[in-house]
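# Remarks on the overall topology
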Amino acid sequence: MIIDRAEVVVTSPDRNFVTLKLTTDDGLTGLGDATLNGRELAVVAYLKDHVVPLLLGRDAHRIEDTWQFLYRSAYWRRGPVTMAAIAAVDMALWDIKGKAAGLPVYQLLGGASRSGLLAYGHASGKTTEELFDSIRSHQEQGYRAIRVQTGVPGLKSIYGIASNATYEAMEGVRYDHEPAQRGALPNEEDWDTRSYLRHVPTVFEAVRNEFGPELPLLHDAHHRLTPIQAAQLGKSLEPYDLFWLEDVTPAENQEALRLVRQHTTTPLAIGEIFNTVWDYQQIIREQLIDYVRSAVTHTGGISHLRKVLDYAAQYQVKSGMHGPTDISPVGMAAAMHLGLSIHNFGIQEYMRHGAKTDQVFQQSFTWADGYLHPGDRPGLGVELDTDEAGKYPYVQAYLPYNRLADGTVHDW
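Residues numbered from 1 in each chain as written. Predicted model: local features only at pLDDT ≥ 70, side-chain atom pairs only at ≥ 80, totals over all residues. Heavy atoms only, no water.

In the annotation of an unreviewed UniProt entry, the protein chain is listed under the name Starvation-sensing protein RspA and assigned to Glycomyces algeriensis.

Written out as structure tokens, the structure is:
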């Protein structure tokens, strides 16, 4: 089963997506997600100029060998561009293998370990009342776990608030997780850590008082805190029993998490911007985190992220795979198949794609009573309508960035 055609499809229905489509000599096709939010064309070039020429003529069944070849032969290893490109190839090959076997990918990974995947949605509001409305809306949509992001008094526009004017203006689509915003330059947002640290505990107190103790609540600090600030936040949120506190401090400084652990029992989720098992080695071994946040799309595909999660399982660390709309339906399907099969699944991030995206990517997954399932269609269960994709060419877009009151650029 030889790969004889490889296409890189860039489309922007509701936002930019990069998809690799492989075709074998016997007509089977496989899809892989290579979307790197705000830097999509870097992966497009890597795929077109460096990876696709190496794939033609290779045996599509040799998934592990192809992964190792693409990783080791480049010499310049790791990084988001390289690992997103490898991930796309890996997903596409698993998709092909599933179709050849007539089985969904999760069956090839050992079969289902559960009947469905608990998913969390993104509720947000500039005010407490607006936040409550968003939480109720998510409950009505079936979510059993909800991430809570709140506006901060005195700050005009910050991460995670869907009603920020810059996001409301995006073709009427509500985003509780910001897409890269279309335009020639990134939008500037403002930030003040002390105001945030004072305000957030009061918000969670109000949410618990309104919605009770049983609803699993999550929160994302989005890398904006120093280690001691992160420890302070985790400790202040302990009375509100969070499911997890995400990305409390930039995790490149992995020793910093020791300080956070010393001061709080709030569960920690880390790894959204990690790309390999080497990024996780210390923090998993020292049990400095509770959930692995990587996306299949950014961490070398199903093959490599499964190895990360197998390693994590030795230390009772669970999965919490990244899954907002900067992961295409192909990447989301890969996450669902992997999550369904592993034993140490924790929770799956899930935000619904827009109607245009759902027309470009035909999907077989189900969403019912707060749980996802990838479906039982052979392969990943997603097909790309290339004619529909062609209606939406790439649009230049950037993620926002932060400045402090004195003008200093800060982590967004």
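### Some thoughts on the packing of helix α1 (residues 40–55) against helix α2 (residues 63–72)
Direction vectors running N to C along α1 and α2 enclose 145°, while the axes themselves pass 12 Å from each other. The crossing of α1 and α2 is right-handed. Contacts from Val51, Leu54 and Leu55 in α1 reach Thr66, Phe69 and Leu70 in α2. Partitioning the contact of α1 with α2 into residue classes produces five nonpolar, one polar and no charged. (Axes fitted to C-alpha atoms, helices over the stretch in contact; angles between N-to-C directions. Helix = DSSP H or I, 4+ residues; strand = E, 2+ residues; numbered from the N terminus. Left-handed = near helix turned anticlockwise from the far one by under 90°. Contact = heavy atoms within 4.5 Å. Nonpolar A, V, L, I, M, F, W, Y, C, P; charged D, E, K, R; others polar.)

### Overview of the sheet that holds strand β3 (residues 29–33)
Backbone hydrogen bonds hold the strands of a sheet together, and the pairing may be parallel or antiparallel. Taken in spatial order, the three strands of this open sheet run β1-β2-β3, and their pairing is antiparallel. Where the open sheet ends on each side, the last strands, each with one partner, are β1 (3–11) and β3. Across this sheet, the average inter-strand angle for adjacent strands is 20°, counted without regard to direction. As paired elements, β1 and strand β2 (residues 17–24) share eight bridges and run antiparallel to each other. (Pairing = 2+ DSSP bridges.)

### Considerations on the packing of aromatic side chains
Using the criterion set out here, one finds 16 aromatic pairs in the structure. Judged by centre distance (5.0 Å) and plane angle (55°), the rings of Trp244 and Tyr291 are tilted. Highlighted residues: Trp244 in strand β9 (residues 244–246) and Tyr291 in strand β11 (residues 291–292), separated in sequence by 47 residues. Here Trp244 and Tyr291 have matching classes, each one buried. Ring centres of Tyr350 and Phe365 lie 6.0 Å apart, and the angle between their planes is 75°; on these two criteria the pair is classed as edge-to-face. Placement of the pair is Tyr350 in the loop between β13 (348–349) and α13 (355–360) and Phe365 in the loop between β14 (361–363) and β15 (366–368), with a sequence separation of 15 residues. Judged by its relative accessible area of 26%, Phe365 is partly exposed. Three or more aromatic residues link up through ring pairs in this structure, and these residues are Tyr120, Phe243, Trp244 and Tyr291. In this structure, Arg224 is placed above the aromatic ring of Trp191, and the distance from its NZ or CZ to the ring centre is 4.1 Å. Of note, Arg224 hangs over the ring of Tyr196, and the distance from its end group to the ring centre comes to 5.2 Å. (Phe/Tyr/Trp six-rings, centres within 6.5 Å; stacked < 30°, edge-to-face > 60°. Buried < 20%, exposed > 50% of the residue type's maximum accessible area, 1.4 Å probe, protein only. Lys NZ or Arg CZ within 6 Å of the ring centre and 35° of its normal.)

### Structural notes on the pattern of salt bridges
Overall, the coordinates contain 19 salt bridges when judged by the stated rule. Between Lys99 and Asp95 there is a salt bridge, and its shortest N-O distance comes to 3.6 Å. One end of the pair is Lys99 and the other is Asp95, both in helix α3 (residues 80–101) and four residues apart, which spans about a single turn. Asp95 shares its class with Lys99; the two are buried. (Salt bridge = Lys/Arg side-chain N within 4 Å of Asp/Glu carboxyl O.)

### Some words on the pairing of strand β4 (residues 117–125)
Across the nine residues that make up β4, a large majority, nine, are buried. Burial along β4 is two-sided: Leu117, Ala119, Gly121, Ala123 and Gly125 and Leu118, Tyr120, His122 and Ser124, pointing in opposite directions, are all buried. With two bridges joining them, β4 and strand β16 (residues 371–373) adopt antiparallel strand pairing. Pairing of Leu118 across the sheet is with Tyr371, part of β16.

### So, the pairing of strand β5 (residues 145–150)
Across the six residues of β5, six count as buried, placing the element largely inside the fold. Burial along β5 is two-sided: Ala145, Arg147 and Gln149 and Ile146, Val148 and Thr150, pointing in opposite directions, are all buried. Pairing between β4 and β5: six bridges, direction parallel. The residue of β5 that forms the bridge with His122 is Arg147. In the classification by handedness, the crossover that spans β4, the intervening helix α5 (residues 128–140) and the parallel β5 is right-handed. Across two bridges, the pairing between β5 and strand β8 (residues 217–220) is parallel. Looking across to β8, one finds that Arg147 is bridged to Leu218. (Right-handed = clockwise from strand over helix to strand, strands pointing away.)

### Notes on empty space enclosed by the protein
In the structure shown here, the tally under the stated rule is two cavities of 30 Å³ or more. For the second largest cavity, the full set of lining residues is Pro329, Met332, Ala333, Met336, Gln363, Ser364, Phe365, Pro374, Leu380, Gly381 and Val382. Among the elements that take part in the lining of the second largest cavity, helix α12 (residues 329–341) stands out by supplying four residues, more than any other. The residue makeup of the lining of the second largest cavity, split by class, is eight nonpolar, three polar and no charged. (1 Å grid on protein atoms, 1.4 Å probe; cavity = no way out; pocket = protein on both sides within 12 Å on 5 of 7 lines; lining within 4 Å. Points joined across faces, edges and corners; volume = space filled by probe spheres on them.)

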